[in-house]
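# Close look at the chain arrangement
These are the residues of each chain, in order.
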Amino acid sequence: MSDPAVHWAAERAARESYGRLLAILSARTHDITASEDALADAFSRALERWPADGIPAEPDAWLLSVARHRKLDAWRHSRVQDQATQTLLLLAGEMDDAADGSGAIPDERLRLLFVCAHPAVDAPARAPLMLQTVLGLDAARMAGAFLTAPSTLGQRLVRAKARIRAAGIPFEYPQARDLPQRLQDVLDGIYAAYGTGWDDIDGADALPRGLTTEAIDLCRILCGLMPTEPEPLGLLALMLFCEARMPARRSDTGAYVPLDQQDPLRWNPDLLAEAELCLRRASEMKSLGAYQLEAAIQSAHCERRVGAPVPPEALVSLYEGLLALRTSIGAQVSLACALANARGPEIGLRALEAIPAQDVANYQPYWAARAHLLAAGGARSAARQAFDRAIGLSSNAAVRAYLHAMSDRL
């Protein structure tokens, strides 16, 4: 058995099943950290054993069995006696459950997402905790998305996991009265996963490239579990609109292509049709939410495929409605760009400058937008400085090259 084949099989299991395996391991003991350690040990054992023994027919079940035994052994050798007996019994029950031909691994990712969204977990830690536990991202990988230093984010995650264990938060779907707030956090976590993958389409790592697909899959499952909730449909529509445009985001030579310059013929018509259907179903429930409005904005942009560009003032109204429902730095920057398109770059710059400076110091889209608007208004020196700031904050090579080209034209 060649090592590359083993590494490929282990990588595929990590990419496709990490969240499911961690959720199953954590469900009875409520100890996410111990489950992460056990799962890491199982992957390490796989890299040791599979070259000699062969890749098992059911890698997920093999990893789950090894991780469960690792947790059981850890408890047997632990000096911590409180609740140890009860936990051992629970783990033994897990072993018994797995004995019945357990090749099938149930999908528990959404249950774990709702655990991460529990009110006992600090609000700033919920979405990153979802990305780490369900998708396997580390603090360094996520820090930029949450405008937070990796060390700060790492401390939040450690505290959040300890809180889940100490509070004995049940691994179950919330009651109806608790659903609205918990659901919003879960949707935010799924969208953060999608955004992380979306920003990384040039990356060589297969895990980030798969995040967009996994986020869409999770949202589809959520829509099926909650068919009367409009916002999961709104989020699904939003991601499908974005996914439909993926093939047009790069030219044939790999250069970055901004939305207003993309060729609509390269957009995926099937995904666009599904997105429109989801948005229509959500609107029929007559309960407007932020994700539905974001999807409506994307739908307006996508009308270019039938030769009907959206009127600039309509986009201004949509972004103002979005901010009335839920404020965010991204929506504020987008509103400023919409105002610039509708009423001139000076109006857009005024809207950008109204955003507190500390909120956008390291927010790349702000500096890119500022650079474009300064250039449009003729302030070339200030525009070049803003372009330099945007280039320095961008981790994407194609975007950096595009911004360099825009700056050079000045």
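Residues numbered from 1 in each chain as written. Predicted model: local features only at pLDDT ≥ 70, side-chain atom pairs only at ≥ 80, totals over all residues. Heavy atoms only, no water.

Going by what an unreviewed UniProt entry lists, the protein chain is known as RNA polymerase sigma-70 factor (ECF subfamily) and is assigned to Variovorax guangxiensis.

## A closer look at the packing of aromatic side chains
Pairs of aromatic rings are described using the distance from one ring centre to the other and the angle between the two planes. Tallied over the entire structure, the rule returns 4 aromatic pairs. Measuring from ring centre to ring centre gives 5.3 Å for W50 and W62, while their planes differ by 70°; the resulting arrangement is edge-to-face. Of this pair, W50 sits in helix α2 (residues 32-53) while W62 is found in helix α3 (residues 59-76), placing the two residues 12 residues apart along the sequence. Here the two residues W50 and W62 agree in accessibility, since each one is buried. Taken together, a centroid distance of 5.6 Å and an interplanar angle of 80° make the contact between Y191 and Y291 edge-to-face. Residue Y191 is found in helix α9 (residues 179-199), and its partner Y291 is found in helix α13 (residues 290-302); the two are separated by 100 residues along the sequence. Residue Y191 is classed as partly exposed on the basis of its relative accessible area of 24%. Y291 sits in the buried class, given a relative accessible area of 3%. (Phe/Tyr/Trp six-rings, centres within 6.5 Å; stacked < 30°, edge-to-face > 60°. Helix = DSSP H or I, 4+ residues; strand = E, 2+ residues; numbered from the N terminus. Buried < 20%, exposed > 50% of the residue type's maximum accessible area, 1.4 Å probe, protein only.)

## Description of helix α6 (residues 123-135)
Note: α-helices contain 3.6 residues per turn, so residues at a spacing of three or four share the same orientation. Counted at 1.5 Å a residue, the expected span for α6 with its 13 residues is 18 Å, and the 19 Å between its end C-alpha atoms agrees. Considering bend angle alone, the principal kink of α6 is centred on L129 and spans about 30°. With 11 of its 13 residues buried, α6 lies for the most part within the structure. (Expected span 1.5 Å × (residues − 1). Bend = angle between axes of the 7 residues up to and from the residue.)

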